[in-house]
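Residue strings, one per chain:
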Amino acid sequence: MSRGALAVPRGGGDETMMNAEVEEMEDTAVCEVDVRSVTVRFSDGVEHAFPVRPDQTILAAAKEHDVRLVHQCLTGSCGTCVTRVASGKVRMSTARGTSLLPSEAAEGFRLTCTSFCDSDAVLQFDYPSSVLDEPGPARCTAEVADAAWVASNVVRLTLRLPKDAGLEFRSGQYVRVQVPGTEEWRSYSMASTVADLPELVLLLRVLDAGVMSDYLRSRARAGDLIELEGPFGMFYLREAKGQHIMIAGGTGLAPMLGMLEDIRMRAGRKPKVLLSFGCASEDNLFYVDELDVRAAWLPGLKVKVAVANPGEAYRGLVGNPVEVISAADISDPATAVAYLCGPPPMIESARAHLERLGVLPENIHAEHFSASAA
Ligand SMILES: Cc1cc2nc3c(=O)[nH]c(=O)nc-3n(C[C@H](O)[C@H](O)[C@H](O)COP(=O)(O)OP(=O)(O)OC[C@H]3O[C@@H](n4cnc5c(N)ncnc54)[C@H](O)[C@@H]3O)c2cc1C
Ligand code: FES
């Protein structure tokens, strides 16, 4: 497996933002009695405890006490810094937006970059402490090798990275790219694997209006230069023997493609995989033949492709990629591990549906394509 650079950003704007936030919080004098103790617990059992003042986010306090936690935007929009509260009262700032879904907040998930402690607390992180020793994100200038429409609203962008780019990633993670000719950055999941480097493939949904969408629709050409940084995110394959359930809405298919390839290349017995992929209409569908090929390569892979609003001639599955999954599709919910990717409402309904079918909440991993994580 590649050494996915999941951890603390090195240098650049994010680090500056972090320091600014810490300093801002330090200006306020706080009575010592209000200081809470937070224990962070990683999936490999490693724990660290540190004090958190009531006016300080958990992430800022961790940084002050040299405890490293994975993060990226620091503004509540990317979801990378997510944790689950095992005990204690942890409140998320209402002053800032959040990429957490209401159901996730209700289940005890919190974003450490916007959360404060109202009591001593124990926080469980869904990754081993060892990822914090991996290299940080790299930054480079990539060249557009190809920009091809693969559906009425989807462009496949193939980027060529310089040989010394230093980008290593785990399938499922995302990069940030600067929209050419603008100061705007957008996040995209890798649809290719680290083995495909120096080529990197992204699948981008083209909206009616949007900075990246406008670039793709009107100006994107082979030879364009694009600033890129990454990888980011904690959406990657976990070591699990149970059935893998992947639910992808539209371009949410991108990270699943890399993950499927990783499973195929893995030595030894491969898990059963159910991939449910859905689009709004038939002309939005893409990569259907590609998925047939993947199923032929990976005999344990079952693919369901669904269209929500099909035309009369359509003969396939009708519905969204969540509702077409039934109890019969899941062999053993207690050991199944799920990966969800797409727009936030799809993630919300997928999480609820899978939990109803018996999949354990801690075995459900999600990447939201939220709009605000520019
Ligand atoms: C971690 C992460 C990974 C992502 N990976 C992918 C990916 O692999 N493929 C992909 O296509 N997108 C992905 N996205 C979404 C992507 O980052 C952009 O938000 C999206 O491409 C729109 O950018 P834009 O510049 O065209 O529109 P913007 O200029 O950002 O937005 C213009 C308008 O459209 C609305 N809008 C923005 N994004 C969306 C959206 N996704 N759905 C509905 N309305 C929206 C905005 O509210 C605004 O009104 C990801 C987002 C995150 C946070
Ligand atoms: S770092 Fe907390 S949501 Fe992005």
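Our structure's up above, just so we're on the same page.
What this report covers is the structure whose coordinates are included nearby. As the structure is a computational prediction, the values presented were derived from the model and not from experiment. (Residues numbered from 1 in each chain as written. Chains lettered and ligands numbered in written order. Predicted model: local features only at pLDDT ≥ 70, side-chain atom pairs only at ≥ 80, totals over all residues. Heavy atoms only, no water.)

### What about the side chain of Glu229?
Counting through the fold element by element, Glu229 comes out in strand S13 (residues 225–232). Here Arg176 takes part through its side chain, which lies 2.7 Å from a polar atom of the side chain of Glu229. (Helix = DSSP H or I, 4+ residues; strand = E, 2+ residues; numbered from the N terminus. Polar contact = N/O pair within 3.5 Å; in protein donor to acceptor, adjacent residues only side chain to side chain.)

### As for the site of ligand 1
In the vicinity of ligand 1, 21 residues are found, and the nearest of them are Arg186, Ser187, Tyr188, Arg205 and Ser213. Here an oxygen atom of ligand 1 sits 2.7 Å away from a polar atom, N or O, in the side chain of Arg186. Ser213 is positioned with one of its side-chain polar atoms (N or O) 2.6 Å from an oxygen atom of ligand 1. Taking 900 Å² as the accessible area of ligand 1 by itself, protein coverage stands at 77%. One can see that ligand 1 is located within the largest pocket. Mapped by element, the contributors of at least two residues to the shell around ligand 1 are strand S11 (185–189), strand S12 (199–205), helix H4 (211–218) and strand S19 (364–368). Grouping the amino acids of the shell around ligand 1 by side-chain chemistry returns 11 nonpolar, seven polar and three charged. (Near = heavy atom within 4 Å. Areas by Shrake-Rupley, 256 points an atom, 1.4 Å probe, with all protein chains shown as cover. 1 Å grid on protein atoms, 1.4 Å probe; cavity = no way out; pocket = protein on both sides within 12 Å on 5 of 7 lines; lining within 4 Å. Sits in = over half its atoms within 2 Å of the grid points. Nonpolar A, V, L, I, M, F, W, Y, C, P; charged D, E, K, R; others polar.)

### Overview of the sheet that holds strand S7 (residues 121–124)
The mixed open sheet is built from five strands, whose spatial order is S2-S1-S7-S3-S5. Looking at the sheet topology across the chains shown, the edges are occupied by strand S2 (47–52) and strand S5 (109–111). Neighbour to neighbour, the strand axes of the sheet diverge by 35 degrees on average, direction disregarded. Bridge analysis of strand S1 (residues 36–41) against S2 gives six bridges, and the strand direction is antiparallel. Across the sheet, residue Ser37 finds its bridge partner in S2, namely Pro51. (Pairing = 2+ DSSP bridges. Axes fitted to C-alpha atoms, helices over the stretch in contact; angles between N-to-C directions.)

### Structural notes on the nonpolar core
When a protein is soluble and globular, its nonpolar side chains tend to lie buried together. Core analysis: the largest hydrophobic core is formed by 32 residues, its most contacted members being Met246, Leu253, Met256, Leu275, Phe277, Phe286 and Tyr339. Mapped by element, the contributors of at least two residues to this core are S12, strand S14 (244–249), helix H5 (253–265), strand S15 (273–279), strand S16 (301–307) and strand S18 (337–342). For this core, the element with the most residues is H5, which contributes seven residues. There are two domains that each give this core at least three residues, and those are domain 2 (137–232) and domain 3 (244–368). The contact partners of Met256, leaving out residues within four places of it in the chain, are Phe235, Met246, Ile247, Ala248, Leu275, Tyr339, Leu340 and Cys341. (Core = buried A, V, L, I, M, F, W, Y, C linked by side-chain atoms within 4.5 Å. Buried < 20%, exposed > 50% of the residue type's maximum accessible area, 1.4 Å probe, protein only. Domains from an automatic or database assignment. Contact = heavy atoms within 4.5 Å.)

### Side note on the pattern of salt bridges
Counted by the stated rule, this structure contains 17 salt bridges. Among the salt bridges present, the one from Arg238 reaches Asp126, with a minimum N-O distance of 2.8 Å. Placement of Arg238 in the loop between S13 and S14 and of Asp126 in the loop between S7 and strand S8 (138–151) is noted, with a sequence separation of 112 residues between them. Assessed through its relative accessible area of 11%, Arg238 is described here as buried. With its nearest N and O atoms 2.8 Å apart, the salt bridge here joins Asp329 to Lys304. Of the two residues, Asp329 is situated in the loop between strand S17 (317–318) and S18 and Lys304 in strand S16; the sequence distance between them amounts to 25 residues. For Lys304, a relative accessible area of 15% translates into the label buried. Via salt bridges that share partners, Arg53, Asp55 and Glu64 belong to a single interconnected network. (Salt bridge = Lys/Arg side-chain N within 4 Å of Asp/Glu carboxyl O.)

The analysis is restricted to geometry; functional conclusions fall outside its scope.
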